[in-house]
Amino acid sequence: MALPILVYHHIASVEDHTPFRSLFVHPKRFKDQMKWLKRLGYKGLSMRDAIPYMTGKQTGKVVVITFDDGFVNVLENAAPVLAEYGFTATNYFVAGQIGGGNVWDRSIGIPNTACMSKSQMREWMSLGHEVGAHTLDHVNLNETSDEEAFRQISGSKISLENLLGLEVPHFCYPYGANKPIHREMVRKAGFRNAVTTVPGRSKPGDDPFGLPRIYIRRNHSIPEFLYRVKYR
Ligand SMILES: [Zn+2]
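As annotated in an unreviewed UniProt entry, the protein chain carries the name Chitooligosaccharide deacetylase and is attributed to Paenochrobactrum gallinarii.

Participant: Got a sec to walk through the coordination of the zinc ion? Specific residues and values, please.
Facilitator: Donor atoms from the polypeptide that bind the zinc ion are D69 (OD), H134 (NE2) and H138 (NE2), placed at 2.1 Å. Written as a sequence motif, the donor arrangement for the zinc ion is D-x64-H-x3-H. Highlighted residues: D69 in the loop between β5 (62-68) and α3 (72-77) and H138 in the loop between β7 (130-133) and α6 (146-164), separated in sequence by 69 residues. Neither residue differs from the other here; D69 and H138 are each classed as buried.

Participant: Go over the packing of helix α1 (residues 27-39) against helix α8 (residues 222-231) with me, naming the residues and quoting the values.
Facilitator: Close contact between α1 and α8 brings their axes to 10 Å; oriented N to C, the two are set at 55°. By the angle between their directions, the pair α1 and α8 is classed as oblique. Remark: the crossing between α1 and α8 carries right-handed chirality. In this structure, α1 uses D32, Q33, M34, W36 and L37 to contact α8, whose residues at the interface are I222, F225, L226 and V229. The residue makeup of the contact of α1 with α8, split by class, is seven nonpolar, one polar and one charged.

Participant: How would you summarise helix α5 (residues 118-126) if you had to cite specific residues and measurements?
Facilitator: Looking at α5, one finds that the buried residues are M121, W124 and M125. With its buried residues spanning 95° around the axis, α5 presents them on a single face. Across from the buried face of α5, at angles greater than 90 degrees, the exposed residues are S119 and S126.

Participant: Summarise the packing of aromatic side chains; cite the residues concerned and give the values.
Facilitator: The full count for this structure, using the stated rule, is nine aromatic pairs. A centroid spacing of 5.1 Å and a plane angle of 85° characterise the contact between Y8 and F30, whose relative ring orientation is edge-to-face. Of this pair, Y8 sits in strand β1 (residues 5-8) while F30 sits in helix α1, and the two are 22 residues apart along the sequence. Across the pair, F30 and Y8 agree in class, each one buried. With centroids separated by 6.1 Å and ring planes inclined at 85°, the aromatic side chains of F67 and W124 adopt a geometry described as edge-to-face. Linking F67 in strand β5 with W124 in helix α5, this pair joins segments that are 57 residues apart in sequence. We classify F67 as buried; its relative accessible area is 0%. What makes W124 buried here is its relative accessible area of 0%. Three or more aromatic residues joined by ring pairs make a cluster, and in this case those are Y8, F30, F67 and W124. In this structure, R39 packs its charged tip against the face of W36, placed 4.6 Å from the ring centre.

Participant: Break down the UniProt feature "domain: NodB homology" (unreviewed entry) in the protein chain for me, with residues and values.
Facilitator: Look at the UniProt record and you will see "domain: NodB homology" (unreviewed entry) annotated at residues 61-232. Along residues 61-232 one finds 35% helix and 17% strand; the C-alpha atoms at either end are 15 Å apart.

Participant: Could you give an account of unusual backbone geometry, naming the residues involved and the relevant values?
Facilitator: Phi at H17 is positive, roughly 65°, even though this residue is not glycine. With respect to the helices and strands, H17 occurs in the loop between β2 (10-11) and β3 (24-25). With a phi angle near 60°, Y175 is a residue other than glycine that sits in the positive phi range. Of note, Y175 is situated in the loop between β8 (170-172) and α7 (180-188).

Calculation rules
Residue numbers run consecutively from 1 along every chain, following the written order of its sequence. Only residues with pLDDT of at least 70 get local features here, since the model is predicted, and only at 80 or more are side-chain atom pairs given and counted; chain-wide, interface and lining totals rely on the full set of residues. Side-chain figures throughout are based on the complete set of non-hydrogen atoms in the structure, without hydrogens or water. For Na, K and Ca the donor cut-off is 3.2 Å, and for all other metals it is 2.8 Å, counting N, O and S atoms only; because water is absent from this set, sites may look incomplete. Helix numbering and strand numbering both begin at the N terminus, where a helix is a DSSP run of H or I of at least 4 residues and a strand a DSSP run of E of at least 2. Think of it in three bands: with a 1.4 Å probe and only protein chains considered, a residue is buried below 20% of the maximum accessible area for its type, exposed above 50%, and partly exposed in between. Whenever a helix is involved, its axis is fitted only over the stretch in contact; in every case the axis is a line through C-alpha atoms, and angles between N-to-C directions fall within 0 to 180 degrees. For classification purposes, an angle smaller than 35 degrees is called roughly parallel, one larger than 145 roughly antiparallel, one from 65 to 115 roughly perpendicular, and anything else oblique. Two helices that cross are described as forming a left-handed crossing if the nearer one is turned anticlockwise from the farther one by less than a right angle, and a right-handed crossing if clockwise. Here a residue-residue contact requires only that any non-hydrogen atoms of the pair lie within 4.5 Å. Residues are grouped as follows: Ala, Val, Leu, Ile, Met, Phe, Trp, Tyr, Cys and Pro are nonpolar; Asp, Glu, Lys and Arg are charged; all remaining types, including Gly, are polar. Arc definition: directions from the helix axis to the C-beta atoms. We call Phe, Tyr and Trp rings a pair once their centres come within 6.5 Å, taking the six-membered ring for Trp, and we label the pair stacked below 30 degrees between planes, edge-to-face above 60, and tilted otherwise. We call a charge positioned above a ring when the Lys NZ or Arg CZ atom is no farther than 6 Å from the ring centre and deviates by at most 35 degrees from the ring normal. UniProt positions are given in the numbering used here, feature names are shortened, and annotations may be inferred rather than shown by experiment.

Below you can see the structure in the form of structure tokens.
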């Protein structure tokens, strides 16, 4: 079964002329999107909860909901909406910025935004959501030495697992950047799958360490959103 894996970053309003403002989906728009999924009979699930559907053990109308970077605005603005519709989601955290911020975005002018602290991550998990890993420092693996790339991948798993005391089985490549050697590193580090930014729905037979996703941007109308869920 082909599954759409949605990718969001920020669920928050944003000022005009902010660089990369397409990454900010307004909370009202997000709520409308979830409402439409529910209305059309979809279940919104975290990567963890969607695995039985990905492996064919279960069937149903499922959309995987993922967020990159672990921002507090997702806990504040998306979690109440997900709760309202009974959906779960995965957020991929930058292990070196727990309680910090998006320092990797500053050189390109994206506004400073807080990343969840340990207690906020615990709150995120207590609501039924999943914590995934997104390297230690949000590095572009394609521009990193092999030794450092493995440290970033494996280190993020170990660090988050030590912090939370549970397995962190799912990984996300920062900027979607990866080569075959990185997919092998992710597997060796003990992760079970990894998502990219290659557009498309996830199909049986896809490389589990190179899953495609569907970008949801600020300006997507409801028809555009539903088109992307169904046909991309
Ligand atoms: Zn990211």
